[in-house]
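Chain by chain, the residues run as shown.
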Protein chains: 2
Amino acid sequence: MENVSGGLRGKPAADALDLETKETVRALRERGVIPTLAILRVGAKSEDLSYERGAMKRCAADGIEVRQVLLPENVSQAELLGRIQALNEDSTVHGILMFRPLPKTLDEQAACAAILPEKDVDGVTAGSMAAVYAGKGAGFAPCTAEAVIAMLRYYQVPLRGSRAVVVGRSLVIGKPVAMLLLAEHATVTICHSRTADLPAVTREADLVVAALGKAEFLGAAYFRAGQTVIDVGINWSETKQKLVGDVDTEAAAQTGAAVSPVPGGVGSVTTAVLASHVARAAQRRAGE
Amino acid sequence: MENVSGGLRGKPAADALDLETKETVRALRERGVIPTLAILRVGAKSEDLSYERGAMKRCAADGIEVRQVLLPENVSQAELLGRIQALNEDSTVHGILMFRPLPKTLDEQAACAAILPEKDVDGVTAGSMAAVYAGKGAGFAPCTAEAVIAMLRYYQVPLRGSRAVVVGRSLVIGKPVAMLLLAEHATVTICHSRTADLPAVTREADLVVAALGKAEFLGAAYFRAGQTVIDVGINWSETKQKLVGDVDTEAAAQTGAAVSPVPGGVGSVTTAVLASHVARAAQRRAGE
């Protein structure tokens, strides 16, 4: 843990997680297992390419092999499902990351359901969702949701008995973060676009997780001194011509809250979580 | 909707739900489909017997056939799974209700997982859990959790934008109720044994759902005028020698909150929800 006066940066939390992953990978490689992630990308959206680069760099650093399966944007559903099936059956592949959203011509739900649950390192199958919801069973949470918890753990933010407010209820972040915080024994409130007097609700919290997807939406009125704020938003600001979070970071910091920056916050931890999931998936299989 | 000054009784809500179920059953029977529930009971615990009697009476009134599968307490896991398999394969059975907890000698999780998701009318499979969590997809919520929503709907309690506090985080009630309330656009807080200053949290709410399983634990300090309180607890009070809820009903009512009684509250709605699930499961199959 480091001094948080400069905001809650993601890199040290990612580095700490990487240390564990490297150790797991080392032990697996000694037994002849090469942890391998398959990245399945349809088309070539710039966000996907950017995340892919980060994931490949992280995996390389951690000793995890990456296999890219690149499909054209006009790929058929049958071809996509065939590729997923092949990755499911390939015993040298331990994790599958499929970029979403898929092009509208494809049935994304069916594609997610086709992924073998034990290779579902980004928590998109019903089995993973049920495990996150139930707080037990094999399955992985979506990487970004778990990256929030990794940040809080690294910065030793007390969660048991604390009041956590999650703003956003998506299946990728809001809901899984809420469930993971509940498993850590926080008292969890889930807010969304229909929440009345949102600033009053967020000010009550010890911890605020912002995942609503609106550029710098949460200003000074939403925060108070002593709070921890994890900003999961990644939005392009036309006015500032740069990436910004869901929190107006400067305004929030002036209230005395400790805020994670964007970029450089939780986003930096996501690929470290992905790598750790691949290592754990390989470990589980090797343990059989 | 009726006057709520006498507390939020379950019977009228159950009766309203029954009207819909009867209509669905009538239409199915006209097409030659007889909606059928299989009740799978291991042993003969008094709570199971009592619920079973209620369920059978309700189903009979609604035109739903019930088939009982009664197994001795020392039944083997293989025999139990074989019976579940047979019910899965029997096309005349639309819903399966298995009493839990099972005796400790049995693997309850494996038994739940063996139930065919489309016949899982009490929401015990991973598929149902994922559907409740995701707020979409085929699957049923646990009957008691949905009975809470049926009560709120019947009494026209406004949920959108309201603040709901759920006390308890079990998979049978707390978590699914929280997810169902979220789908109704309430701002939802989930509390539990580790929550700090619980009375302060519940007093903030417009709606409190009590599902902690402690006899008359929530007294006057937890409530305020204008609140709706749904008491899901069913506990045997040694002092009073009768069934009581998680709420001290008299004390709560004196604060001006509208409280559902125990017995006669949400418990009266559960079997109506069960019957409605069986009718809907039969309808879905017939619609294929």
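Presented here is a report on the structure given in the accompanying data block. The model shown is predicted, which means the values in this text are computed figures rather than measured ones.

Definitions and limits used
Every chain's residues receive numbers from 1 upward, in the order its sequence appears when written. Chains and ligands are labelled sequentially in the order written, the chains with letters from A and the ligands with numbers from 1. In view of the model being predicted, local features appear only for residues whose pLDDT reaches at least 70, and side-chain atom pairs are presented and counted only at 80 or more, with totals across whole chains, interfaces and linings using the full set of residues. Side-chain calculation: all heavy atoms of the structure are included, whereas hydrogens and water are not. The secondary structure listing takes helices from DSSP runs of H or I that are at least 4 residues long and strands from runs of E that are at least 2 residues long, numbered from the N terminus. Each residue is placed in one exposure class: buried if its accessible area under a 1.4 Å probe, protein chains only, is under 20% of its type's maximum, exposed if it is over 50%, and partly exposed if it falls in between. Following DSSP output, two strands are said to pair if at least two bridges run between them. Contact between two residues is taken to exist if any of their heavy atoms lie within 4.5 Å; hydrogens are not considered. Fitted lines through C-alpha atoms serve as axes, helices being fitted only where they are in contact, and the angles separating the N-to-C directions of these axes extend from 0 to 180 degrees. What we call a nonpolar core is a set of buried Ala, Val, Leu, Ile, Met, Phe, Trp, Tyr and Cys residues that are connected through their side-chain atoms within 4.5 Å. For classification, angles of less than 35 degrees are called roughly parallel, those exceeding 145 degrees roughly antiparallel, those between 65 and 115 degrees roughly perpendicular, and all remaining angles oblique. Each residue is assigned to one of three groups, with Ala, Val, Leu, Ile, Met, Phe, Trp, Tyr, Cys and Pro labelled nonpolar, Asp, Glu, Lys and Arg labelled charged, and all others, Gly among them, labelled polar. Superposition of the copies was done by least squares, using only C-alpha atoms of residues whose pLDDT is at least 70 in both. Residues are called lining when one of their atoms sits within 4 Å of a cavity or pocket point, these points coming from a 1 Å grid over the protein atoms alone, where a cavity is a set in which a 1.4 Å probe fits but cannot get out and a pocket is an open set with protein on both sides within 12 Å along at least five of seven lines. Grid points are joined across faces, edges and corners, and a volume is the space filled by probe spheres set on the points.

## Quick word on unusual backbone geometry
With an omega of -5 degrees, the peptide bond between V262 of chain A and P263 of chain A qualifies as cis. In this structure, P263 of chain A sits in the loop between β10 (258–259) and α10 (267–287). Of note, the phi angle at E216 of chain A is positive, near 50 degrees, even though the residue is not glycine. One can find E216 of chain A in the loop between β6 (207–210) and β7 (228–231). Classification of E216 of chain A as partly exposed rests on a relative accessible area of 25%. You will see that D197 of chain B, though not glycine, has its phi angle at about 50 degrees, which is positive.

## Re the sheet that holds strand β5 (residues 187–191) of chain A
An order of β10(A)-β7(A)-β6(A)-β4(A)-β5(A)-β5(B)-β4(B)-β6(B)-β7(B)-β10(B) is seen for the 10 strands of this open sheet, with the pairing classed as mixed. Of all the strands in the sheet, just β10 of chain A together with β10 (258–259) of chain B have a single pairing partner and so form its edges. In the packing of helix α6 (residues 143–154) of chain A onto the sheet, the strands contacted are β6 and β7 of chain A, and the crossing angle to β7 of chain A comes to about 145 degrees.

## A word on the nonpolar core
Counting residues in hydrophobic clusters, the biggest one holds 116 residues, and the most contacted among them are L37, L181 and I230 of chain A together with L37, L181 and I230 of chain B. With near-sequence residues (within four places) excluded, L37 of chain A lies in contact with C59, I64, E65, V66, R67, G95, I96, L97, V121, L274 and V278 of chain A.

## Comments concerning the packing of helix α1 (residues 11–30) of chain A against α6 of chain A
All names here are of chain A. Running from amino to carboxyl end, α1 crosses α6 at an angle of 95 degrees, the nearest separation of the two axes being 9 Å. Accordingly, the angle class assigned to the pair α1 and α6 is roughly perpendicular. Of the residues in α6, those in contact with P12, A13, A16 and L17 of α1 are A150, M151 and Y154. Along the lines of polarity and charge, the residues of the contact of α1 with α6 split into 7 nonpolar, no polar and no charged.

## A word on the sheet that holds strand β3 (residues 95–98) of chain B
All names here are of chain B. Strand order in the open sheet formed by 3 strands is β2-β1-β3, and the pairing between neighbours is parallel. Strands at the two margins of the open sheet, each flanked by one partner only, are β2 (65–71) and β3. Each strand of the sheet is rotated relative to its neighbour by a mean of 20 degrees, with strand direction disregarded. Bridging between strand β1 (residues 36–42) and β2 involves 7 bridges; their strand directions are parallel. Bridging from a neighbouring strand, I39 pairs with Q68 of β2. Of the strands in this sheet, β1, β2 and β3 touch helix α2 (residues 46–62), which is tilted by about 170 degrees from β1.

## A short note on the relation of the copies chain B and chain A
Comparison of the two chain copies shows a relationship of rotation about an axis with a shift along it. Note on the identical chains: chain B maps onto chain A by a rotation of 180 degrees and an axial translation of 0.0 Å, with an RMSD of 0.0 Å. With respect to symmetry, the two chain copies, as superposed, fit the operation of a two-fold axis. Considering only C-alpha atoms, the residue of chain B closest to the rotation axis is T189 of chain B, which sits at 2.0 Å. When the interface residues of chain B are mapped onto chain A, 100% of them are again interface residues, pointing to one common binding face.

## Digging into the environment of V269 of chain B
Residue and element names in this part refer to chain B. In this structure, V269 sits in helix α10 (residues 267–287). Spatially, the C-alpha atoms of V269 and A13 are 6.7 Å apart, while their sequence positions differ by 256 residues. Contacts of V269, omitting those with residues within four sequence positions, involve G10, A13, A14, A147, A150 and M151.

## Re the environment of V209 of chain B
All names here are of chain B. You can see V209 is positioned in strand β6 (residues 207–210). Given the relative accessible area of 0%, V209 is considered buried. V209 sits 140 residues away from V69 along the chain, and the two C-alpha atoms are 33 Å apart. Not counting residues within four places of it along the chain, the set of residues in contact with V209 comprises V148, V165, V166, V167, V177, L181, I230 and V232.

## Let's talk about empty space enclosed by the protein
With the rule as written, the count across this model stands at 2 cavities of 30 Å³ or more. Roughly 40 Å³ of volume is contained in the largest cavity. In this structure, the largest cavity is lined by I96, L97, M98, R100, I115, D120, D122 and V124 of chain B. For the lining of the largest cavity, the class distribution of residues is 5 nonpolar, no polar and 3 charged. If you add up the space inside the second largest cavity, you get close to 30 Å³. Every residue along the wall of the second largest cavity is listed here: G123, S128, M129, V132, P142 and L171 of chain A together with Y133 of chain B. Broken down by element, the lining of the second largest cavity gets its largest block of residues, 3 residues, from helix α5 (residues 126–134) of chain A. Its residues assigned to classes, the lining of the second largest cavity comprises 5 nonpolar, 2 polar and no charged.

None of this, on its own, says anything about what the molecule does.
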